[in-house]
Amino acid sequence: AFLSRNKSDLPPRKSLPILSSTADESHSKSLDWPGWNAHTFGLEMQDPWAHKLLLGEKTIETRAYNLPTALIGKKIEILQSMKGIAGVSAIEDRFDFGND
């Protein structure tokens, strides 16, 4: 699909294994949800893309879902994970960043 730029060349969405909750309900909180200001949010990117983003070699990141409107203009942590399968998270939905 990338080379042909034809959306019909993409595999059916349900054929991708999903290990984390990236379903629509996790991205549809109302703008007045207190969690938008109470939590730190991160975007997982597989190696080497997170590093390339931080170096400025990668300037665009696309997802199959829209960024929650409440996060536009806010700081989002970049979480680099090891190479894996596209669309399959290698980390948990929630974890503590800690102070170490």
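Each value, and the rule that gives it
- Starting afresh in each chain, residues are numbered from 1 along the sequence in its written order.
- A pLDDT threshold of at least 70 governs which residues receive local features in this predicted model, and a stricter bar of 80 or more applies before side-chain atom pairs are shown or counted, although totals over entire chains, interfaces and linings include all residues.
- As a rule here, side-chain values come from all non-hydrogen atoms in the structure, and water together with hydrogens is ignored.
- The numbering of helices and of strands both runs from the N terminus, where a helix is a DSSP run of H or I of at least 4 residues and a strand a run of E of at least 2.
- The rule is simple: take the accessible area with a 1.4 Å probe, protein chains only, and divide by the maximum for that residue type; under 20% is buried, over 50% is exposed, in between is partly exposed.
- By definition, residues are in contact when any of their heavy atoms lie within 4.5 Å.
- In short, Shrake-Rupley with a 1.4 Å probe defines the accessible areas, and a residue's cover is counted only from the protein chains shown.
- By definition here, a salt bridge exists when the distance from a side-chain nitrogen of Lys or Arg to a carboxyl oxygen of Asp or Glu is within 4 Å.
- Identification of polar contacts relies on pairs of N or O atoms within 3.5 Å, with a donor-acceptor requirement for protein atoms, meaning one able to donate a hydrogen and the other able to accept it, and with residues adjacent in sequence counted only if both atoms are side-chain atoms.
- Pairing between strands is defined by DSSP: at least two bridges between them are needed.

Draft legend 1. Representation of the overall build of the protein chain within the structure. Regarding its fold elements, the protein chain presents two helices and two strands. Beginning at the N terminus, the succession of helices and strands in the protein chain can be written as α-β-α-β. The buried share of the protein chain, reckoned over its 100 residues, is 14%. Pairs at least 24 residues apart make up 72% of the contacts formed inside the protein chain by residues separated by at least 6 positions. Carbon and sulfur atoms form 54% of the exposed surface of the protein chain, whose accessible area is close to 8500 Å².

Draft legend 2. Structural detail: the pattern of salt bridges. Enumeration over the complete set of coordinates arrives at four salt bridges. Across the salt bridge formed by E77 and K75, the nearest N and O atoms sit 3.7 Å from each other. Classification of E77 by relative accessible area gives partly exposed; the value is 26%. Taking relative accessible area as the criterion, K75 reaches 69% and is therefore assigned exposed. Linked by salt bridges that have partners in common, K58, E61 and R63 make up one network.

Draft legend 3. Looking closely at the environment of K52. As for its position among the elements, K52 is in helix α2 (residues 49-55). With residues near it in sequence (within four places) discarded, K52 still touches E57 and K58.

Draft legend 4. Highlighting the environment of D47. Locating D47 in the fold gives a position in the loop between β1 (42-46) and α2. As a C-alpha pair, D47 and L79 span 32 residues in sequence and 9.7 Å in three-dimensional space. In this structure, D47 is in contact with Q80, S81, M82 and K83, ignoring residues within four places of it in sequence. One polar contact links D47 to Q80, side chain to side chain, over a distance of 2.9 Å.

Draft legend 5. Inspection of the pairing of strand β2 (residues 77-81) at higher detail. Sheet topology note: the β1/β2 ladder contains five bridges and is parallel. For L43, the partnering residue across the bridge sits in β2 and is I78.

No statement about biological role is implied by the geometric values presented.
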